[in-house]
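Residue strings, one per chain:
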Amino acid sequence: MARILITLPPLVGHLNPALAVAEALTAHGHTLAWAVHARQIGHALPKDARIYKLDSGTSAPDIAIPSARGLESVRLFFEDYTFPMARAALHPLEEAARHFRPDVVMVDHQMPAGALVARKLGLPFVSLVTTTASIQLASPTIDAWVAEQFAGLQRGYLPDHMITLRPDISPYLAIVFSIQMLAGQARALLDAPYLFVGPALAQFRRQVDFPWGWLDHEQRLILVTLGTISRDSNTRFFEIMMEALGAFTGIQAVMVAPASLAPHAPKNVMVRQMVPQLKLLDWAAAVICHAGHNTVCEALTRGLPLIVSPIRDDQPVIARQVIDAGAGLFMRHGKVTVPTARAAIEKLLQTPSLAARARTLGEALRAAPGAAGAASAIASLAAGGQRAA
Amino acid sequence: MITPDDQILASLVETIRRTINEDWIEDFPITRETRFHDDLELESIEFVKIADAIQARFGKTIDIAGFLSGRSIQDLIALSVGDLADFIAAGA
C-alpha cells in the first residue's frame, strides 16, 4: 500500500475533487496525509485525517475576492495569491514531505509549491487539474507571462538544471476533472500525460433547505447562478435576468442571488442565497451561469444546455469550451440588456442542437472514470508502474 | 477636416460595433480611450475577428499578431481603441 501526500490551495472548488479521490484511495487501503492551510479547510477534511499545517505561525493567505474581471483577475490571482502562497509554502511542504516520506505526492495544479518540492526531492507526483483553463495554451503574451511567473518561483529553490517551463504539471500523470470532448477540441493543450476522468463527485456540500413545493413540474426550470465565490455586490445582472425571465410563461427560474432581490422577483422567479444545486439540476431544463468549471460540468453531466456569462478567472475559457462544443450561448455579463437576455433565453430553450450537444457531452461525462479511475492511476504510479514522460 | 487617422478610427469603431453586434453597443460611445477589455468586455475571439476584419480592410502590412505579442500582460489588459488605431495608422 502506498503513502500519498496531498496538497492543495484552501479553495472549495479544489478541495472537492481532491476529497473524492482521497476517499477512493483510502477505501483501497492507502495511507494519506494532507499538507494544507488547516485553519481554512481543516474542518472539511475527513475526521481522522493526518494534517501537516502550512499556516502555523503565519497569517493565512488572503483570499479576498478582487473585483477585477477577465484577464486582469487572472493576473491578480497568480501574482497576488497563487505565487506568494507557493513561496510561503515551499519550506513547510518540504518538511512535511521529508517527515511523511510519501511514495507519491498529489498536487493541485494551483499549489505549485507541491510540485516544486516533489521535483526537488525526486518524488513522483500527480497533478490534479481542477480547471482546464490552466492546461490550455493561450496567446504568446499570456503564455510567456505564465512561464515568467514559474521561472521566478523556481529560481532560488530548485537547482538550475531542474528549472522547467511549467513545473506545476506533472511529467508522470496529470488528472483532469473534465473530458477531452469539452477541453481538448478547440484549443491546443500543454504537452503532458493527461488522464481525463470527468467531474469527481462533490463531497463537501452543506445541507441546504429548499421549498420544493414551489416547483411546478408542468413548467421548465432554469437555474441561474454566478456561483458562490464570484457573487458580486453588483446586482445589475440579476435584475436584468429577473425582468427577462418574468416575461416568459411555462418557465420557472431559481436564482442564486442576494436575498435583498427576493421582494423584486417576478412570480415565476425564486431568489435564494443558497440552493441545493445538484438536486435542483436534476429538475432543471437549462442553466444560466458564470461558467465556473464545477457548475458547467454538473450541468452538462445532466445533459443541460447553458447560457454562459463569464466574469473572471478561468470562466471565459470554460465558457468558450461550452460554446465551441455546441452546448451553450454567450451572454456578456456586464452589458446584457433585457431584450438581449430574453432573446438568448428563447434561443436556449428552442434550439434543439444545444440540448442534443449537451446530452452527448453528458453521456461522455457520465462515462468518464471519475474519482475511482483517478485513484487507480495514482495507485499504479505509486507502485512504480509509470515513469516520467 | 477628416484626416486619414480619423478615417482609420472611424473604420475601427464601425468594425467593433459590427463584430459585437448587440443592442447596447449601438449607443455605446467608443472613443480612442475605450478599452477593449474593461469597457467593451470583449472576448478574445471577438478581438481576433476585429483584427481579421482590419487586416482585410487595410491589407497585409498590418501585423496584428506581432503587435500583440510584443506587449506585456498589463498592456494587453489596458489596450485601447486608440492604441490599435495608432498601430494601424503607422502601418497603413
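All of these numbers come straight from a predicted model, not from anything done at the bench.

Some points on the overall build of chain B
Scanning chain B from N- to C-terminus turns up six helices and zero strands. Tracing chain B from N to C terminus, the helices and strands come up as α-α-α-α-α-α. In terms of C-alpha radius of gyration, chain B reaches 12 Å, essentially the compact-globule figure of 12 Å for 92 residues. With the C-alpha coordinates of chain B rotated into their principal frame, the extents come out at 35 × 35 × 20 Å. Within chain B, the fraction of its 92 residues that count as buried is 43%. Summarising the internal contacts of chain B: among those between residues at least 6 apart in sequence, 61% fall at separations of at least 24. Between the averaged position of the 8 positive side-chain charges in chain B and that of its 18 negative side-chain charges there is a distance of 6 Å.

Quick word on the pattern of salt bridges
Under the defined criterion, the tally for this structure stands at 13 salt bridges over all chains. In this structure, A:Arg98 and A:Glu94 form a salt bridge, with 2.9 Å as the shortest nitrogen-oxygen distance. You can see A:Arg98 and its partner A:Glu94 sitting in helix 3 (residues 70-100), four residues apart, about one turn around the helix. Since its relative accessible area comes to 9%, A:Glu94 is described here as buried. For the salt bridge of B:Arg35 with B:Asp39, the shortest nitrogen-to-oxygen distance reads 3.2 Å. Its relative accessible area of 32% is what places B:Arg35 among the partly exposed residues. One connected set of salt bridges, linked through shared partners, spans A:Glu72, A:Arg75 and A:Glu79.

Brief notes about the nonpolar core
Membership of the largest hydrophobic core comes to 100 residues, with the highest contact counts inside it found for A:Trp34, A:Met106, A:Ile175, A:Ile378, B:Leu12, B:Ile16 and B:Phe36. Ranked by residue count, the leading element in this core is helix 3 of chain A, at 13 residues. Excluding residues that lie within four positions of it along the chain, B:Leu12 makes contacts with B:Ile50, B:Ile54, B:Val81, B:Leu84, B:Ala85 and B:Ile88.

Looking at the sheet that holds strand 9 (residues 251-256) of chain A
All names here are of chain A. Taken in spatial order, the six strands make up an open sheet running 10-9-8-11-12-13, and their pairing is parallel. With partners counted over all chains shown, the strands left at the sheet margins are strand 10 (269-272) and strand 13 (328-330), one partner each. Going from strand to strand, the sheet's axes swing by 20° on average, the running direction of each strand aside. Pairing analysis gives four bridges linking strand 8 (residues 220-225) to strand 11 (residues 286-289), with the strands arranged parallel. Among the inter-strand pairings, Thr225 is bridged to a residue of strand 11, identified as Cys289.

Section: the sheet that holds strand 1 (residues 3-7) of chain A
All names here are of chain A. Strand order in the open sheet formed by seven strands is 3-2-1-4-5-6-7, and the pairing between neighbours is parallel. At either margin of the open sheet sits one strand with a lone partner, and together these are strand 3 (51-53) and strand 7 (194-196). Put simply, the sheet's adjacent strands are angled 20° from each other on average, direction ignored. For strand 4 (residues 104-108) and strand 5 (residues 125-129), the ladder comprises four bridges, and the chain directions are parallel.

Examining helix 1 (residues 4-20) of chain B
Residue and element names in this part refer to chain B. With 17 residues, helix 1 ought to run about 24 Å at 1.5 Å a step, and its terminal C-alpha atoms sit 24 Å apart, in line with that. Summarising the contacts, the buried residues of helix 1 are in contact with helix 2 (23-27), helix 3 (44-58) and helix 6 (81-91). Of the residues one or two after helix 1, Asn21 is the one with positive phi, at around 50°.

A short note on unusual backbone geometry
A positive phi angle is found at A:Asp313, which is not glycine, with a value near 55°. Within the secondary structure layout, A:Asp313 lies in the loop between strand 12 (306-308) and helix 10 (315-324). Overall, A:Asp313 belongs to the partly exposed group, its relative accessible area being 30%. Positive phi values are uncommon outside glycine, yet B:Glu41 reaches one of about 50°. Considering the arrangement of structural elements, one finds B:Glu41 in the loop between helix 2 and helix 3. Here B:Glu41 falls in the buried class, since its relative accessible area comes to 9%.

Considering the interface of chain B and chain A
Contacts between the two partners involve 23 residues from chain B, matched on the other side by 23 residues from chain A. Applying the counting rule to chain B against chain A returns three salt bridges. Across the pair A:Arg320 and B:Glu43 runs a salt bridge whose closest N-O atoms are separated by 3.3 Å. Taken together, the connections running from chain B to chain A amount to twelve residue pairs in polar contact (both at pLDDT 80 or more). Secondary structure elements with two or more residues in the side of chain B that touches chain A: helix 2, helix 3, helix 4 (64-69) and helix 5 (73-78) of chain B. Ranked by the residues each element gives to the side of chain B that touches chain A, the list is headed by helix 5 of chain B, at four residues. Across the side of chain B that touches chain A, the residue classes break down as ten nonpolar, five polar and eight charged.

Reading guide: rules and limits
Residues numbered from 1 in each chain as written. Chains lettered and ligands numbered in written order. Predicted model: local features only at pLDDT ≥ 70, side-chain atom pairs only at ≥ 80, totals over all residues. Heavy atoms only, no water. Helix = DSSP H or I, 4+ residues; strand = E, 2+ residues; numbered from the N terminus. Rg over C-alpha atoms; globule rule 2.2 N^0.38 Å. Buried < 20%, exposed > 50% of the residue type's maximum accessible area, 1.4 Å probe, protein only. Contact = heavy atoms within 4.5 Å. Lys, Arg positive; Asp, Glu negative; His and termini not counted. Charge placed at Lys NZ, Arg CZ, Asp CG, Glu CD. Salt bridge = Lys/Arg side-chain N within 4 Å of Asp/Glu carboxyl O. Core = buried A, V, L, I, M, F, W, Y, C linked by side-chain atoms within 4.5 Å. Pairing = 2+ DSSP bridges. Axes fitted to C-alpha atoms, helices over the stretch in contact; angles between N-to-C directions. Expected span 1.5 Å × (residues − 1). Polar contact = N/O pair within 3.5 Å; in protein donor to acceptor, adjacent residues only side chain to side chain. Nonpolar A, V, L, I, M, F, W, Y, C, P; charged D, E, K, R; others polar.

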